[in-house]
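What the coordinates show
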Amino acid sequence: MKNKWLLAASAILFYGVVLASCNLYSEANIGLEMRPSSSLRLPALRSLSFGDVGKWLKSWAPLSDMPKEERLRLLKEENEWKNDLVMWMFPDNVRDQLPHWVQTWFRCWILCAAVYFGVGGLWCYYTYYCFGDVFFKPGNIPAAKDIWEQIKVSNWAMPLYSLLPTFTEMAAEKGWTMAYPRVENIGLPMYALYFMLYMLSVEFCVYWMHRGLHDIKWAYRYLHYDHHKYNKEHTLSPFAGLAFHPIDGILQAIPYSWTLFYCPMHFLTHEIMLFFTGVWTTNIHDCIHGKVWPIMGGGYHAIHHTTYKHNYGHYTIYFDRMFGTLETPEEHESAKAAKAVKAQ
């Protein structure tokens, strides 16, 4: 019990630091003035002061004084442009009758399906057909019926998954979030810093959301169990990446959206990262140990699907290591070998 309280306190403290950092940096950049590009050079370190650093940061943000109304207008124009990239396939008389948010929802659904089938299909072709004898032991390649089951579950959930980016776009257009439309609104250095803070928050929240879906019994039973039906190496495939109960899938992706409410983030970068999860979930369900530290790859996630109590992380192993839930593929194989020897 003491360890659980310590774990919870550590989690709250860490998340509080991220939240405070986001808001402190945000307040420091309110009302920045335009600076000419000629001032981009950082002053010599010997004479460096906080004021000099502030001026240097401001010099990267020529659009820092853009009125809020203009930022919101640009966000909506950008979202309409993204709709045009996909919705051209609908007849004009049909499209004109659809509200903006419905077009956004259709666009997100179509792109989600394109990423899922395009990346998943290529991944399966590469890992099973081209190099299956290299990556897998005999009998460990998933059967067609298992892959088809995962595709059916994913297709049922995708229309509901697509509601999350739709509502996030609507919130951004209304000015409820801290999203901004142009890198020049804050400058490249602050863009990079906010990106790191944003992804740190996402990584932390996804870890605890995923862990909660295991630790809370009713959440696992009614939501997350659907995904853990695939609990052996020969039943997991890249197409299992989106095979969740729709509420489960939304809960694990929602940190990408709620972080926008307290951390400034370039909106197009946010959406690219959100849709990149479709590529990432394909990768971590192929059961292949890529041995790229500190990435939480397929070898780690295959362990998660067999032990249910390890490797909850999103992109990296850091929070699993921090909170005591990490098991590496090497440790897992050693434990299996020791167990086999003991059983003899």
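About the criteria used
- Residues numbered from 1 in each chain as written.
- Predicted model: local features only at pLDDT ≥ 70, side-chain atom pairs only at ≥ 80, totals over all residues.
- Heavy atoms only, no water.
- Helix = DSSP H or I, 4+ residues; strand = E, 2+ residues; numbered from the N terminus.
- Buried < 20%, exposed > 50% of the residue type's maximum accessible area, 1.4 Å probe, protein only.
- Areas by Shrake-Rupley, 256 points an atom, 1.4 Å probe, with all protein chains shown as cover.
- Expected span 1.5 Å × (residues − 1).
- Bend = angle between axes of the 7 residues up to and from the residue.
- Contact = heavy atoms within 4.5 Å.
- Patch = residues over 30% accessible without salt bridge, like charges linked within 9 Å, V, L, I, M, F, W, Y side chains within 5 Å.
- Salt bridge = Lys/Arg side-chain N within 4 Å of Asp/Glu carboxyl O.
- Phe/Tyr/Trp six-rings, centres within 6.5 Å; stacked < 30°, edge-to-face > 60°.

Some remarks on the overall build of the protein chain
Within the protein chain, the regular secondary structure consists of 15 helices and two strands. In the protein chain, buried positions account for 49% of the 344 residues. In the form shown here, the protein chain has an accessible surface area of approximately 18400 Å², with 67% of it arising from carbon and sulfur atoms.

So, helix H7 (residues 144-161)
Across its 18 residues, H7 extends 25 Å between first and last C-alpha, which sits within 8% of the 26 Å expected from 1.5 Å per residue. Along its length, H7 reaches its greatest deviation from straightness, about 25°, at asparagine 155, and the proline proline 159 lies no more than four positions downstream. Lining the buried residues of H7 we find helix H5 (100-130), helix H8 (163-173) and helix H11 (246-258).

Topic: a nonpolar patch on the surface
Judged by side-chain polarity, Tyr126, Phe131, Val134 and Phe135 come together as a nonpolar surface patch covering roughly 380 Å² of accessible area. Residue classification places phenylalanine 135 among the partly exposed residues on the basis of a relative accessible area of 32%.

Overview of the environment of proline 165
Residue placement: proline 165 occurs in helix H8. Note: C-alpha distance between proline 165 and cysteine 108 (57 residues apart in sequence) is 7.1 Å. For proline 165, the residues in contact, after removing those within four places along its chain, are Cys108, Glu271, Leu274 and Phe275.

A word on the packing of aromatic side chains
If you walk through the whole model with that rule in mind, you get 24 aromatic pairs. Arranged with centres 5.2 Å apart and planes meeting at 85°, the rings of tyrosine 207 and tryptophan 208 form a pair that is edge-to-face. Take tryptophan 208: its relative accessible area is 25%, and that puts it in the partly exposed class. Between the aromatic rings of tryptophan 208 and phenylalanine 323, the centroid separation amounts to 5.0 Å while the plane-to-plane angle is 65°, which identifies the pairing as edge-to-face. Pair noted here: tryptophan 208 is in helix H9 (residues 188-215) and phenylalanine 323 is in the loop between helix H14 (318-322) and helix H15 (329-343), with a separation of 115 residues, a long-range link. Put simply, the rings of Phe204, Tyr207, Trp208, Tyr312, Phe319 and Phe323 pair up and form one aromatic cluster.

Concerning helix H12 (residues 267-284)
Counted at 1.5 Å a residue, the expected span for H12 with its 18 residues is 26 Å, and the 26 Å between its end C-alpha atoms agrees. When the local axis directions of H12 are compared, the greatest deviation, roughly 25°, occurs at glycine 278.

Some details on the pattern of salt bridges
In the structure shown here, the tally under the stated rule is 12 salt bridges. Put simply, arginine 182 and glutamate 78 hold a salt bridge, and the shortest N to O gap is 3.6 Å. Remark: glutamate 78 occurs in helix H3 (residues 68-87) and arginine 182 occurs in the loop between strand E1 (179-180) and H9; sequence separation between them is 104 residues. Assessed through its relative accessible area of 11%, glutamate 78 is described here as buried. Across the pair lysine 82 and glutamate 271 runs a salt bridge, and its minimum N-O distance is 2.3 Å.

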